[in-house]
Every structure is written in C-alpha cells, then in structure tokens.
Amino acid sequence: MHEQSVLVGEPEIVFQFLQANLQRPLEAPDKTLRQLIRALGRRRFGTEQRFVVKLSSRTSHFLALFRQAFPKTPIVWVQREPAEIVESNLRRPRRALAGLDPESVARLALRNVSWAFLAATGFEDANFHVVDYRNLPSAAWTHVASLMQVQIGEDCLLRMRNVSRSHSHSGDPYVRRTPNPLPKHVQDIVSNTLNPLYEALARRARL
C-alpha cells in the first residue's frame, strides 16, 4: 500500500494469543498484543515501520482489546453481503470445516458470520470505519488510504490498480463468478438475522 508500510495478513499467532488470553487472562494483554504485532513486522524488515494488519473475521470479538493496544489507530471493517459470505464458505470451506457435510458447514458458517457481524455492530468507536466489499478495490485508494493517513503517489496507485486485477490467492486474472444459490432455509436465516446487521453497519458507513 505504501513504500514504508508492512502488511501483516491474518496472523494465526495473534488469534491464538487472543484465545489463550480468554482462558488465562494476562495482567496487561493490550501491551502484549502491541508487542506481538510489532514483532511480526520487525521480523520481516528489522526496523520500526508503519503496520497495516489485516485481521480475519474471527478476531472481530476482540476489537475492544485492539483499541486498547492501539488507541489512535484507524480500524476499517470491510463487510460483504452475508449471503455471499455464507455461499463462499459452502463452496470452499476453510480448513477447520473441511470434511464436514454441507449442512454442518452451513450451520457453522452462519454461526461464525453472525458472531462477526454482532461484534462489529456492538463496537462503538469514533475511529471505526465501514467499507463495503462492493466498493473495492477503488475504495482502497479513494477512501481507506486517507483514513490511514497514507499518501499515494501515481506510481503506487498504478501498482495498486494492476494488483487489483489479479486474484488474491492465485494471481490469475480476476473474473467475477456467479454464486451458487443458497438452500431456502439458509436464505431465510440470512435475510432475517444477518441482513439487518449488515444494513445497520452500512448506515454507519454513510454517517
């Protein structure tokens, strides 16, 4: 994103630390979390840099702790329509769900998505910003960069636009696919429970 930025993408060790702290609370978990994030960045570059940490949805429950650890850091919640998230989980379950029958995958996906949206909806913070997946990738340089106080030059903007044309996992040219329809009972759950949370957060994005 910027020449002086270090991207830390969904570090599993951070989630493991957050879970361990629930079981055996530390005296100053915010300080330990701050040291852990900085150590991840220094491991790559050896010096203090600007860190951009991409968190998985599982860490949404710990937003308050992240705020304690980084009181002045902007937090950007990138949300996607719930039906698309659930369909993506059904099509390609993450490793923890692999091998389960589709009904179990759907149930667990609904549970996990619900927890993430509830955590984000309940997190009231002046420096918490909502961005919709539909507005990516352009929102990265038209909105998110300014939130993070990052100045993007023409060369960097060109690189970002080129990267955005490729699939993040494979590097192949990105082609939007048609999602598979969800089972009727899953659609009903999404409409009645998840869509209201999604819409509530979307209203916060427009404030």
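Everything here concerns the structure above.
Residues numbered from 1 in each chain as written. Predicted model: local features only at pLDDT ≥ 70, side-chain atom pairs only at ≥ 80, totals over all residues. Heavy atoms only, no water.

**A closer look at the overall build of the chain**
No. 1: A count of helical and extended segments in the chain gives eight helices and four strands.
No. 2: Each helix (α) and strand (β) of the chain, taken in turn from the N terminus, gives the series β-α-α-β-α-β-α-α-β-α-α-α.
No. 3: Overall, the C-alpha framework of the chain stretches about 50 × 45 × 40 Å when taken along its three principal axes.
No. 4: Taking all contacts inside the chain whose residues are at least 6 apart in sequence as the whole, residues at least 24 apart take part in 76%. (Helix = DSSP H or I, 4+ residues; strand = E, 2+ residues; numbered from the N terminus. Contact = heavy atoms within 4.5 Å.)

**Side note on the side chain of Ser 60**
No. 1: For Ser 60, the position within the fold is in the loop between strand 2 (50-54) and helix 3 (63-69).
No. 2: When residues no more than four places from it in sequence are discounted, the contact partners of Ser 60 are Trp 77, Ala 116 and Ala 119.

**Topic: the packing of helix 4 (residues 82-91) against helix 5 (residues 102-122)**
Between two packed helices, both the angle of their axes relative to each other and the distance between the axes serve to describe the pair.
No. 1: At a minimum axis distance of 9 Å, the contact between helix 4 and helix 5 shows a crossing angle of 140°. Classified by the angle their axes make, helix 4 and helix 5 are oblique. Here helix 4 and helix 5 pass one another in a crossing that is right-handed. For the pair helix 4 and helix 5, the contacting residues are Pro 82, Ile 85, Val 86, Asn 89 and Leu 90 in the first and Pro 102, Val 105, Ala 106, Ala 109, Leu 110, Val 113 and Phe 117 in the second.
No. 2: Residue composition of the contact of helix 4 with helix 5, by class: eleven nonpolar, one polar and no charged. (Axes fitted to C-alpha atoms, helices over the stretch in contact; angles between N-to-C directions. Parallel < 35°, antiparallel > 145°, perpendicular 65-115°, else oblique. Left-handed = near helix turned anticlockwise from the far one by under 90°. Nonpolar A, V, L, I, M, F, W, Y, C, P; charged D, E, K, R; others polar.)

**A word on a nonpolar patch on the surface**
No. 1: A cluster of nonpolar side chains, namely Val 78, Tyr 133, Leu 136 and Tyr 174, defines an oily patch on the protein surface of about 330 Å² accessible area.
No. 2: Structurally, Leu 136 is set in the loop between strand 4 (128-132) and helix 6 (138-147).
No. 3: The partly exposed category is assigned to Leu 136, whose relative accessible area is 32%. (Patch = residues over 30% accessible without salt bridge, like charges linked within 9 Å, V, L, I, M, F, W, Y side chains within 5 Å. Areas by Shrake-Rupley, 256 points an atom, 1.4 Å probe, with all protein chains shown as cover. Salt bridge = Lys/Arg side-chain N within 4 Å of Asp/Glu carboxyl O. Buried < 20%, exposed > 50% of the residue type's maximum accessible area, 1.4 Å probe, protein only.)

**Points about the pattern of salt bridges**
No. 1: Summed over the entire model, instances satisfying the criterion amount to seven salt bridges.
No. 2: Note that Arg 134 and Asp 132 form a salt bridge whose closest N and O atoms lie 3.0 Å from each other.
No. 3: Exposure remark for Asp 132: the relative accessible area of 11% places this residue in the buried category.
No. 4: Across the pair Asp 188 and Lys 184 runs a salt bridge, and its minimum N-O distance is 2.9 Å. Pair noted here: Asp 188 and Lys 184 are both in helix 8 (residues 184-206), with a separation of four residues, about one helical turn.
No. 5: The exposure class of Asp 188 is partly exposed, given its relative accessible area of 32%.
No. 6: One salt-bridge network, held together by shared partners, links Glu 81, Asp 132 and Arg 134.

**Some remarks on the environment of Arg 161**
No. 1: Among the secondary structure elements, Arg 161 is positioned in helix 7 (residues 154-163).
No. 2: Note: C-alpha distance between Arg 161 and Trp 141 (20 residues apart in sequence) is 9.1 Å.

**Comments concerning unusual backbone geometry**
No. 1: Across the junction of Leu 136 and Pro 137, the peptide omega takes the value 5°, indicating a cis bond.
No. 2: Tracing the backbone through its elements, the reader meets Pro 137 in the loop between strand 4 and helix 6.
No. 3: Although it is not a glycine, Glu 10 adopts a positive phi angle of roughly 45°.
No. 4: Mapped onto the elements of the fold, Glu 10 is located in the loop between strand 1 (5-9) and helix 1 (12-23).
No. 5: Backbone geometry places Gln 149, a non-glycine residue, at a positive phi of 60°.
No. 6: With respect to the secondary-structure elements, Gln 149 resides in the loop between helix 6 and helix 7.

**Observations regarding helix 6**
No. 1: Every buried residue belonging to helix 6 is among Ala 139, Trp 141, Val 144, Ala 145 and Leu 147, and all of these are buried.
No. 2: Phi for Gln 149, located one or two positions after helix 6, is positive at around 60°.

**So, the packing of aromatic side chains**
No. 1: Counted under the stated rule, the structure contains three aromatic pairs.
No. 2: Relative to Tyr 198, the ring of Phe 117 lies with its centre 6.4 Å away and its plane at 70°, an arrangement referred to as edge-to-face. Of this pair, Phe 117 sits in helix 5 while Tyr 198 sits in helix 8, placing them 81 residues apart in sequence.
No. 3: Aromatic ring contacts, followed pair by pair, group Trp 77, Phe 117 and Tyr 198 into a single cluster.
No. 4: The residue whose ring lies beneath Arg 80 is Tyr 133, and the NZ or CZ to ring-centre distance is 4.3 Å. (Phe/Tyr/Trp six-rings, centres within 6.5 Å; stacked < 30°, edge-to-face > 60°. Lys NZ or Arg CZ within 6 Å of the ring centre and 35° of its normal.)

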